[in-house]
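Below, each chain spelled out in residue letters.
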Amino acid sequence: MMGKRILVTTGGGDCPGLNAVIRSIVKRASQEEDWEVLGSVDAFTGIMREPMEIMPLNRSNVAGIHVRGGTIIGTTNKGSPFDWPVKKQDGTWDTIDASDDLIRRIQCQQIDAVVNIGGDGSQDISNRLFKKGLNIIGVPKTIDNDLSCTDFTFGFQTAVEIATDAVDKLVTTAASHNRIMILEVMGRDAGWIGLSAAVAGGADVVLIPEVPYDIEKVVGKLKKRIHNGKGFAIIVVAEGAKTKEGEVVSAESSEVGYKNVRLGGIGYALMEELKKRMNGIGMRVTVLGHLQRGGTPCAFDRILATQFGVKAVELIKERKFGRMVVYRHPDIVDVALEEAVDTYNLIGPDNFLLKTARGNNISLGD
Ligand code: F6P
């Protein structure tokens, strides 16, 4: 069997488990004859840079990295190859479609296959590059768990552990001071982290993007709890939660090439609304932010990420491109990238975790 060159990229926001996938790809590829693995620094940016920034990945430089958060090859959520930022002469920025240039550069490096590890945005890029003829495999990651076709993405369980730990810690201080504690967690389109942490930690209210909330209902729940003699309450709110009028709290980003709306701040906005309606009760806000994305991946995420790495190399061996590896308990299988990027994995009205929250008197504010 002839040797192969595999290029690995990590794109979008980082999450715990990326390094475990990289290591697993390298280990599995090293079982083949003359297979070489390279990493493009900062997603596809490394390939586009002059000089190119690609690094060899081998058994020695990936040793032990499965326990480390982040990604040793770097990532970015700015600058898709289809929306590539270029500086104009007047100093302002424009975007161009640089995908043909990217594919040409990859081919010039004699690369046989690309493994693109990333979330929804990155897998949309994988799908579009595949349609242009690139041999590419997608590996899903995100703490938000909002990619469809897979039971879980890696990174999510670690984020849930971190958010649950925060709820547990807030309970003790809330109870001591008789306060309402608001914990803001990540979750742009899907409220999986918030809902999971609320159930695991036993919160009183959880607000998620999928269930628009009515502030009066939230107040009703809190007043009832306080009236029943409980002096404190815990609210978990996902950054993408919206009121029934459809308002989300966001800010514009000044970062070049950053296309996402920057969420964050709903915890404080919520506290102001509650203060107007609940006089005299102490309230505090904790924004968990990027702590949810950092640090050591939990065992579940390491295992899932390691399985994804092996599956990605197997797909390359079978020359099954345009696919994304997915977890369908207890197996790791693959689906067409096209199918994977078609919808989001959102919490539906019949979801059992949602029913569980309601069944445990956790208010969704609806
Ligand atoms: O998609 C994962 C995520 O963590 C979202 O929940 C969040 O809105 C976003 O990334 C923030 O990303 P960054 O601040 O790194 O651009």
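Caption draft 1: Representation of the overall build of the chain. Secondary structure assignment for the chain yields eleven helices and 15 strands. A globule of 366 residues ought to have a C-alpha radius of gyration of about 21 Å, and the chain, at 22 Å, matches this closely. Considering only C-alpha atoms, the chain reaches an extent of 75 × 55 × 35 Å along its principal axes. Put simply, the chain has 366 residues, and 53% of those count as buried. Considering only contacts in the chain between residues 6 or more positions apart, those separated by 24 or more positions represent 72%. Surface accessibility of the chain: about 16,000 Å² in total, with carbon and sulfur atoms responsible for 48%. Of the charged side chains in the chain, 44 are positive and 46 negative, and the gap between their average positions amounts to 4 Å.

Caption draft 2: Local environment of the packing of helix 1 (residues 18-29) against helix 9 (residues 299-317). Two numbers describe how helix 1 lies on helix 9: the axes approach to 7 Å, and their chain directions differ by 40 degrees. What the angle tells us is that helix 1 and helix 9 run oblique. Seen along the crossing, helix 1 lies across helix 9 with a hand that is right-handed. Contacts between helix 1 and helix 9 pair A20, V21, S24, I25, R28 and A29 from the former with R302, A305, T306, G309, V310, V313, E314 and K317 from the latter. When grouped by side-chain class, the residues that make up the contact of helix 1 with helix 9 number seven nonpolar, three polar and four charged.

Caption draft 3: Expanded view of the pattern of salt bridges. The full count for this structure, using the stated rule, is 21 salt bridges. Of the charged contacts, one joins D334 and K320 as a salt bridge, the two residues approaching to 3.0 Å between their closest N and O atoms. Taken together, the positions of D334 in strand 15 (residues 331-336) and K320 in the loop between helix 9 and strand 14 (323-328) put the pair 14 residues apart, joining distant regions of the chain. The partly exposed category is assigned to K320, whose relative accessible area is 32%. The network of salt bridges with common partners includes E50, D101, R104 and R105.

Caption draft 4: Here's a closer look at the packing of aromatic side chains. For the coordinates displayed, the defined rule picks out four aromatic pairs. With 5.9 Å between their ring centres and 15 degrees between their planes, F152 and F156 make a pair best called stacked. F152 sits in the partly exposed class, given a relative accessible area of 26%. Its relative accessible area of 3% is what places F156 among the buried residues. Here a set of aromatic residues connected by ring pairs shows up, and it is made of F152, F156, F300 and Y327. Sitting over the ring of F82, R128 keeps its end group 4.0 Å from the ring centre. Seen from the ring of F232, R225 lies directly overhead, with NZ or CZ sitting 4.9 Å from the centre.

Caption draft 5: Focus on the environment of D342. Within the fold, D342 resides in the loop between helix 10 (337-340) and helix 11 (352-359). D342 gets classed as exposed once you look at its relative accessible area, which sits at 62%. Along the primary structure D342 and P81 are separated by 261 residues, whereas in three dimensions their C-alpha atoms are 20 Å apart.

Caption draft 6: Here's a closer look at unusual backbone geometry. Cis peptide bonds are those with omega within 30 degrees of zero, and the linkage from E50 to P51 qualifies with -10 degrees. Along the chain, P51 falls in the loop between helix 2 (45-48) and strand 3 (54-57). The backbone of A43 shows a phi angle near 60 degrees, a positive value even though the residue is not glycine. Residue placement: A43 occurs in the loop between strand 2 (35-40) and helix 2. Among the residues examined, A43 registers a relative accessible area of 9% and is labelled buried. Although it is not a glycine, N145 adopts a positive phi angle of roughly 60 degrees. Tracing the backbone through its elements, the reader meets N145 in the loop between strand 7 (136-140) and helix 5 (156-177). Judged by relative accessible area, N145 falls into the buried class, the value being 2%.

What counts, and at which threshold
Residues numbered from 1 in each chain as written. Predicted model: local features only at pLDDT ≥ 70, side-chain atom pairs only at ≥ 80, totals over all residues. Heavy atoms only, no water. Helix = DSSP H or I, 4+ residues; strand = E, 2+ residues; numbered from the N terminus. Rg over C-alpha atoms; globule rule 2.2 N^0.38 Å. Buried < 20%, exposed > 50% of the residue type's maximum accessible area, 1.4 Å probe, protein only. Contact = heavy atoms within 4.5 Å. Areas by Shrake-Rupley, 256 points an atom, 1.4 Å probe, with all protein chains shown as cover. Lys, Arg positive; Asp, Glu negative; His and termini not counted. Charge placed at Lys NZ, Arg CZ, Asp CG, Glu CD. Axes fitted to C-alpha atoms, helices over the stretch in contact; angles between N-to-C directions. Parallel < 35°, antiparallel > 145°, perpendicular 65-115°, else oblique. Left-handed = near helix turned anticlockwise from the far one by under 90°. Nonpolar A, V, L, I, M, F, W, Y, C, P; charged D, E, K, R; others polar. Salt bridge = Lys/Arg side-chain N within 4 Å of Asp/Glu carboxyl O. Phe/Tyr/Trp six-rings, centres within 6.5 Å; stacked < 30°, edge-to-face > 60°. Lys NZ or Arg CZ within 6 Å of the ring centre and 35° of its normal.

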